[in-house]
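Secondary and tertiary structure notes
Chain by chain, the residues run as shown.
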Number of protein chains: 2
Amino acid sequence: MILFTEEEIRKHIRLNADTIQVVEEAFINLATKRVEMPPIMRIDIPLYNGEVDVKSAYVEGLDYFAIKVSSGFFNNHKLGLPSGNGLMMLFNSKTGQPEAMLLDNGYLTDIRTAAAGAVAAKHLAREDARTAGVIGTGSQARYQIEALTHVRDLERVFVYGRKEENILKYINDIEARLGVKVEAVSREEAVRRSDIVVTTTPATCPVIRADWLTSGIHVTAMGSDAETKQELEAEVLERADVLVCDVKEQSRRLGEIHHARSQAEMLARAVELGELTAGRIKGRKNAEQITVCDLTGTGVQDTAIALYAYTLLKEKKAGAAV
Amino acid sequence: MILFTEEEIRKHIRLNADTIQVVEEAFINLATKRVEMPPIMRIDIPLYNGEVDVKSAYVEGLDYFAIKVSSGFFNNHKLGLPSGNGLMMLFNSKTGQPEAMLLDNGYLTDIRTAAAGAVAAKHLAREDARTAGVIGTGSQARYQIEALTHVRDLERVFVYGRKEENILKYINDIEARLGVKVEAVSREEAVRRSDIVVTTTPATCPVIRADWLTSGIHVTAMGSDAETKQELEAEVLERADVLVCDVKEQSRRLGEIHHARSQAEMLARAVELGELTAGRIKGRKNAEQITVCDLTGTGVQDTAIALYAYTLLKEKKAGAAV
């Protein structure tokens, strides 16, 4: 088995057009190929405010499948440690033998999660979207905005956070990194002034209200990955002209749709992101529609990014050895 | 993260009184402590006759929890590879950080599985049991019999297998290793002549019939770990005076009990092995009872054996470094 460290992975794998395409292809696979994607395994450790997810997917025809362990332990900051951790393993699809271990500490999850946000915006946001609002100031608040710059020409970002120091740091980071103007605003302004809004919080009470939505807006909610989490008021889903999720089966349990007043109705209306990426269904049909995408995170994304990373890192290693 | 190879693990971790006690304590924990044990994650790859299980359990109070990946790819023999593979990972219960990786290729699973058989026999077989029958000639057919020698004074083993060469090899191996006489017999004889019978097959049709059962026999079925597998005729469960399983929740889906003519009735009658090990319920009450134990394999066993192995191997490594 080959091991790769976070440092090696960060050096060679970036959030860019390639990784966004890798994730787009993962959703195409999900819609068009035989995919074995078991329900997420979840281990909760409430004593330490910790939660662990295990995800996996086998896509028929791929040489390897990934099993990913990712965790959030929300008391870690008291110990001076990051809350998120994780690793990805690749196994040979023909023999079951372990092939590679990517000790990425959650970095590849960040990339594939942000890439899914870009894929959603690519198919759902207005072509002329120039402004993005982001709720939250953490790492996904950064990655999601960066990912959007690969699919739309952003000119201005509106950010809402709870802590001033985090907001200031966010503004400095994003302005320096992406060269776009960032402005601190209220949640309502972040929605009213933006063409695209991304929620990136672990909120258990909605952070976005339906009466803030404007004509033509696109909303991606990516923070909710547990039963108790909710970022969008249930009415936001009802107001959506186009409602998209990553996997319906998961949305029954996680994310925004299962908080809907009528879950059955919302699930019936929702289409999966793979249907859009595979070209079976058109996402946005006109400039006035309100579009909403609820992302809960899927094993096909993990298998796709792990396989991509492994292939590239193996090449780099072979190249370095020559 | 510290890695341990199969070689290191095999050198120091053995099937013995210690590892049997570790697994017995795991079942005590399951019965008496707060345990978070999610349903098994399963990935099937029928194209290559492969199946992958992911198991985990967090036991409140333990410093680490394990996540185990184990696989069986049943075309591997054509490639000259063993069908079974696997590894165990230990994570810090307080922070979620990966602590150790045990690259055991399924060895620790073999140990903890056989140890559970010994624990079952300890509480369910007659004290004066001297003969054991085993159906199957693979690695668990070996480990299960070896495990039994730690809890009962076996004098004779009866083995049934389908291939003569495997039977002969089994007889040679076990006689040399354990110093007990081993005799090749039919399935019926293996049951009729034994005080303890263990089934260790991936059978999808029952290999043991109820009308072969004798007064005072104990039967452990450990081979069935998938919906489609079944080793005991449904009537065997009905004939049992004492019916035990490792985890009822799993037995609804896997193992023998879910093949019962009335699953609800059998589940109501069954007691969990942990109830016996914790001393809450007496297993066998007299020398005439027929006892049956259905083992499907649990995450608490994996966490227990991984934690034991890690602790011991770390000590050995520290000792070697001094």
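Residues numbered from 1 in each chain as written. Chains lettered and ligands numbered in written order. Predicted model: local features only at pLDDT ≥ 70, side-chain atom pairs only at ≥ 80, totals over all residues.

1. Digging into the overall build of chain A
Using the following cut-off: Only runs of H or I of at least four residues qualify as helices and only runs of E of at least two qualify as strands under DSSP, and these elements are numbered from the N terminus. For this measure, only C-alpha atoms enter the radius of gyration; the expected value for a globule follows 2.2 Å times N^0.38, where N is the number of residues. Neighbour counting defines burial: a residue surrounded by 20 or more other C-beta atoms within 10 Å of its own C-beta is buried, one with 12 or fewer is exposed, and intermediate counts give partly exposed, using backbone-placed C-beta atoms. We call two residues in contact if the C-beta atoms placed from their backbones are at most 7 Å apart.
Counting its regular elements, chain A contains eleven helices and 15 strands. The C-alpha atoms of chain A give a radius of gyration of 19 Å, which matches the 20 Å a tight globule of 322 residues would have. When the backbone C-alpha atoms are referred to their principal axes, chain A occupies close to 55 × 45 × 40 Å. Per-residue burial for chain A yields a buried fraction of 55% across its 322 residues. For chain A, contacts bridging at least 24 residues in sequence account for 70% of all contacts bridging at least 6.

2. Focus: the relation of the copies chain A and chain B
This is how it is decided: Least squares is the method for superposing the copies, and the C-alpha atoms it fits come from residues with pLDDT of at least 70 in both.
With an RMSD of 0.0 Å, the operation that places chain A on chain B is a rotation of 180° combined with a shift of 0.0 Å along the axis. What the superposition gives is, in effect, a two-fold axis relating one chain to the other. For chain A, the residue whose C-alpha comes nearest the rotation axis is Met41(A), separated from it by 3.2 Å. Counting the interface residues of chain A, we find that 97% of their copies in chain B are interface residues as well, pointing to one common contact surface.

3. Thoughts on the sheet that holds strand E12 (residues 218-221) of chain B
Residues and elements named next belong to chain B. Here is the rule we go by: Paired strands, in this sense, are two strands between which DSSP finds at least two bridges. Here the axes come from fitting lines to C-alpha atoms, over the contacting stretch only for helices, and the angles between their N-to-C directions go from 0 to 180 degrees.
Strand order in the open sheet formed by eight strands is E10-E9-E8-E11-E12-E15-E13-E14, and the pairing between neighbours is parallel. Sheet topology places strand E10 (181-184) and strand E14 (271-272) at the edges, where each strand pairs with a single neighbour. With four bridges connecting them, strand E8 (residues 131-135) and strand E11 (residues 196-199) associate as parallel partners. Its bridge partner lying in E11, isoleucine 135 is registered against threonine 199. Strands E8, strand E9 (156-160) and E11 of the sheet are contacted by helix H4 (residues 139-148), whose axis makes an angle of about 165° with E8.

4. A word on the pairing of E9(B)
Residue and element names in this part refer to chain B. Within E9, four of the five residues are buried, leaving the element largely enclosed by the surrounding structure. Pairing between E8 and E9: five bridges, direction parallel. Note that in E9 the partner of alanine 132 across the bridge is valine 157. Bridging between E9 and E10 involves four bridges; their strand directions are parallel. Looking across to E10, one finds that phenylalanine 158 is bridged to glutamate 183.

5. What about the interface of chain A and chain B?
Between chain A and chain B, the contact holds 34 residues from the first and 33 residues from the second. If you list the elements that add at least two residues to the side of chain A that touches chain B, you get strand E3 (41-45), strand E4 (50-59), strand E5 (64-73) and strand E6 (84-92) of chain A.

6. Brief notes about the packing of H4(B) against helix H5 (residues 164-178) of chain B
Residue and element names in this part refer to chain B. Applied cut-off: In these notes the angle categories are as follows: under 35 degrees is roughly parallel, over 145 is roughly antiparallel, 65 to 115 is roughly perpendicular, and the rest is oblique. The hand of a helix crossing depends on one turn: near helix anticlockwise from the far one by less than a right angle means left-handed, and clockwise means right-handed. Residues are grouped as follows: nonpolar covers Ala, Val, Leu, Ile, Met, Phe, Trp, Tyr, Cys and Pro; charged covers Asp, Glu, Lys and Arg; every other residue, Gly included, is treated as polar.
At their nearest, the axes of H4 and H5 sit 11 Å apart, and the two run at 30° to each other. The orientation of H4 relative to H5 falls into the category roughly parallel. The crossing of H4 and H5 is right-handed. Taken together, the residues of H5 that come into contact with H4 (itself represented by Ala141, Arg142, Ile145 and Glu146) are Tyr170, Asp173, Ile174 and Leu178. When grouped by side-chain class, the residues that make up the contact of H4 with H5 number five nonpolar, no polar and three charged.

7. So, the sheet that holds strand E13 (residues 242-245) of chain A
All names here are of chain A. Strand order in the open sheet formed by eight strands is E10-E9-E8-E11-E12-E15-E13-E14, and the pairing between neighbours is parallel. Bordering the open sheet on either side are strand E10 (181-184) and strand E14 (271-272), each of which pairs with just one other strand. Its contacts with the sheet put helix H3 (residues 107-124) on strand E11 (196-199), strand E12 (218-221), E13 and strand E15 (291-294), and the angle it makes with E12 is roughly 160°. Lying on the sheet, helix H4 (residues 139-148) is in contact with strand E8 (131-135), strand E9 (156-160) and E11; it crosses E8 at an angle near 165°.

8. Some remarks on the environment of Gln301(B)
Residues and elements named next belong to chain B. Relative to the helices and strands, glutamine 301 resides in helix H11 (residues 299-321). Sequence spacing of glutamine 301 and proline 46 is 255 residues, and the spatial spacing of their C-alpha atoms is 27 Å. Not counting residues within four places of it along the chain, the set of residues in contact with glutamine 301 comprises Val23, Ala26, Arg112 and Ala116.

9. Remarks on the nonpolar core
Inclusion rule: Structurally, a nonpolar core is described as a collection of buried Ala, Val, Leu, Ile, Met, Phe, Trp, Tyr and Cys residues joined by way of C-beta atoms within 7 Å.
Residues Leu102(A) and Leu102(B) are the most contacted members of the largest nonpolar core, which totals 205 residues. Here Leu102(A) is in contact with Phe4(A), Ile9(A), Leu87(A), Met88(A), Leu108(A), Ala306(A), Ala309(A) and Tyr310(A), once residues within four sequence places are set aside.

10. Remarks on the domain arrangement of chain A
Residues and elements named next belong to chain A. Quick note on the threshold: Domain boundaries shown here were taken from an automatic or database domain assignment.
Assigned domains of chain A: these are domain 1 (2-108 + 300-321) and domain 2 (124-297). Of note, the centres of domain 1 and domain 2, computed from C-alpha atoms alone, are 23 Å apart. Taken together, the contact between domain 1 and domain 2 spans twelve residues of the former and 13 residues of the latter. A total of eight residues in the side of domain 1 that touches domain 2 trace back to one element, the largest contributor, which is helix H2 (residues 17-32). The residue makeup of the side of domain 1 that touches domain 2, split by class, is seven nonpolar, three polar and two charged.

11. Examining the pairing of E3(A)
The side chains of a regular strand alternate, residue by residue, between the two faces of the sheet. All names here are of chain A. As paired strands, E3 and E4 are joined by five bridges and run antiparallel to one another. Bridge pairing in E4 links arginine 42 to aspartate 53. If you look at the hairpin formed by E3 and E4, you'll find four residues sitting between the two strands, and asparagine 49 has a positive phi there, around 55°.

12. As for the environment of Met101(A)
Counting through the fold element by element, Met101(A) comes out in strand E7 (residues 98-102). As for Met101(A) and Phe4(A), which are separated by 97 residues in sequence, their C-alpha atoms are 6.3 Å apart.

13. Here we look at the confidence of the model for chain A
Just so we agree on the cut-off: Each residue carries a pLDDT score, the predictor's own confidence in it, on a scale running from 0 to 100.
Averaged over all residues, the pLDDT of chain A is 95; the fraction at 70 or higher stands at 99%. Quick note on the complex model: pTM equals 0.90, ipTM equals 0.88.

14. Observations regarding unusual backbone geometry
For Asn49(A), which is not a glycine, the phi torsion comes out positive at approximately 55°. Among the structural elements, Asn49(A) can be located in the loop between E3 and E4. With 15 C-beta atoms packed within 10 Å, Asn49(A) lands in the partly exposed category. Residues other than glycine seldom take positive phi values, yet Asn105(B) does so here, at roughly 50°.

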